[in-house]
Amino acid sequence: MRKYLHWALLPLFMACQNTVQDKGQKLSFAMTGDMLFAGANTLQGKGEISLQNLAENIDCEVEAIKSVKVSAVKVGLTPAHQKITESVLLQVLSDNVEMASIGTLNPVPDSGVLELNLAEDVDLKPYLQDKGMTWVLDINISEDHMDVMPAKGEVQLLIDYTDSK
């Protein structure tokens, strides 16, 4: 009978855990592309943070993280590059998880930081757990650009996790 007692107490233990949402974490990224021609082009950059890093940042165990959603996305281009950019689409992929759209902006203003419209409710947790996380920025430009085009950005996160403290 005692050996089954832990199963009976499991629902009580689970009820004592609170789901908490952390809104203070951000992911930064940098991407580049070169020899771009008028029309559709792609910039890429590696994801530099893991789910383990995020768990450490919010002081919880990796297993406690339920989801990692995106609440806002900002992308920065140099002023010269932004003037020839007509639209942007930020996506994410990894070695074992299919590409997902994060946010888009069309048309792109001539100046200022680009605040993307969120495309869908994507959970970044599988990408952060996987190897080879890559940020992809699809851009439409109005003229040829035969040099490196860099882009930087920041993704504001909503992390839901179980707090058992």
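So, a few notes on the structure that sits alongside this text. Quantities reported herein were computed from a predicted structural model and do not represent experimental measurements.

1. Description of the overall build of the protein
Item 1. Across its full length, the protein carries four helices and 10 strands.
Item 2. Going from the N terminus to the C terminus, the protein shows its helices and strands as α-β-β-β-α-β-α-β-β-β-β-α-β-β.
Item 3. For the protein, the share of sequence-separated contacts (at least 6 apart) that also reach a separation of at least 24 residues comes to 78%.
Item 4. When the accessible area of the protein is evaluated, it comes to approximately 9600 Å², of which 51% is carbon and sulfur surface.

2. Description of the side chain of Asp130
Item 1. For Asp130, the position within the fold is in the loop between α4 (125-129) and β9 (134-141).
Item 2. Nearest to the buried, unbridged Asp130 among oppositely charged side chains is Lys131, at 7.5 Å.
Item 3. From its side chain, Asp130 meets the backbone nitrogen of Asn96 in a polar contact 2.5 Å long.
Item 4. Ignoring sequence-local partners within four residues, the contact set of Asp130 consists of Ser94, Asp95, Asn96 and Val97.

3. Notes on unusual backbone geometry
Item 1. Across the junction of Asn106 and Pro107, the peptide omega takes the value 5 degrees, indicating a cis bond.
Item 2. Assignment of secondary structure puts Pro107 in the loop between β6 (100-105) and β7 (114-115).
Item 3. You will see that Met35, though not glycine, has its phi angle at about 50 degrees, which is positive.
Item 4. Here Met35 lies in the loop between β2 (26-33) and β3 (39-46).
Item 5. Unusually for a residue other than glycine, Asp59 sits at a positive phi of about 60 degrees.
Item 6. When you line up the elements, Asp59 lands in the loop between α2 (51-57) and β4 (65-77).

4. Digging into the pattern of salt bridges
Item 1. Tallying each qualifying case throughout the model produces two salt bridges.
Item 2. The closest approach of N and O atoms between Glu154 and Lys26, which form a salt bridge, is 3.8 Å. Taken as a pair, Glu154 in strand β10 (residues 149-163) and Lys26 in strand β2 lie far apart in primary sequence, 128 residues in all.
Item 3. Asp121 is paired through a salt bridge with Lys69; the nearest N and O atoms lie 3.2 Å apart. Placement of Asp121 in the loop between β8 (117-118) and α4 and of Lys69 in strand β4 is noted, with a sequence separation of 52 residues between them.
Item 4. In this structure Asp121 comes out as exposed when scored by relative accessible area, which is 62%.

5. A word on the nonpolar core
Item 1. Leu90, Leu124, Trp135 and Val155 are the most contacted members of the largest nonpolar core, which has 43 residues in total.
Item 2. Looking at this core, the elements that each hand over two or more residues are β2, α2, β4, β5 (85-93), β6, α4, β9 and β10.
Item 3. Apart from the residues within four sequence positions on either side, Leu90 is in contact with Phe29, Met31, Val73, Ala100, Ser101, Ile102, Gly103, Leu116, Trp135, Val136, Leu137 and Val155.

6. Overview of the environment of Lys131
Item 1. Residue placement: Lys131 occurs in the loop between α4 and β9.
Item 2. Sequence separation of Lys131 and Val97 is 34 residues, and the distance between their C-alpha atoms is 9.6 Å.

7. A word on the side chain of Asp22
Item 1. Position of Asp22 among the secondary structure elements: in strand β1 (residues 18-22).
Item 2. Lys23 is the oppositely charged side chain nearest to the buried, salt-bridge-free Asp22, at an N-O distance of 9.9 Å.
Item 3. Within the structure, the side chain of Asp22 is placed 3.4 Å from the backbone nitrogen of Gln25, a separation counted as a polar contact.
Item 4. If near-sequence neighbours (up to four positions away) are discounted, Asp22 is found in contact with Ile58, Leu157, Leu158, Ile159 and Tyr161.

8. Notes on the packing of aromatic side chains
Item 1. Tallied over the entire structure, the rule returns one aromatic pair.
Item 2. Between Phe29 and Trp135 the ring centres are 5.0 Å apart and the planes differ by 25 degrees, which places this aromatic pair in the stacked class. Of this pair, Phe29 sits in strand β2 while Trp135 is found in strand β9, placing the two residues 106 residues apart along the sequence.
Item 3. You can call Trp135 buried: its relative accessible area is 2%.

Criteria and cut-off values
Residues numbered from 1 in each chain as written. Predicted model: local features only at pLDDT ≥ 70, side-chain atom pairs only at ≥ 80, totals over all residues. Heavy atoms only, no water. Helix = DSSP H or I, 4+ residues; strand = E, 2+ residues; numbered from the N terminus. Contact = heavy atoms within 4.5 Å. Areas by Shrake-Rupley, 256 points an atom, 1.4 Å probe, with all protein chains shown as cover. Buried < 20%, exposed > 50% of the residue type's maximum accessible area, 1.4 Å probe, protein only. Lys, Arg positive; Asp, Glu negative; His and termini not counted. Salt bridge = Lys/Arg side-chain N within 4 Å of Asp/Glu carboxyl O. Polar contact = N/O pair within 3.5 Å; in protein donor to acceptor, adjacent residues only side chain to side chain. Core = buried A, V, L, I, M, F, W, Y, C linked by side-chain atoms within 4.5 Å. Phe/Tyr/Trp six-rings, centres within 6.5 Å; stacked < 30°, edge-to-face > 60°.

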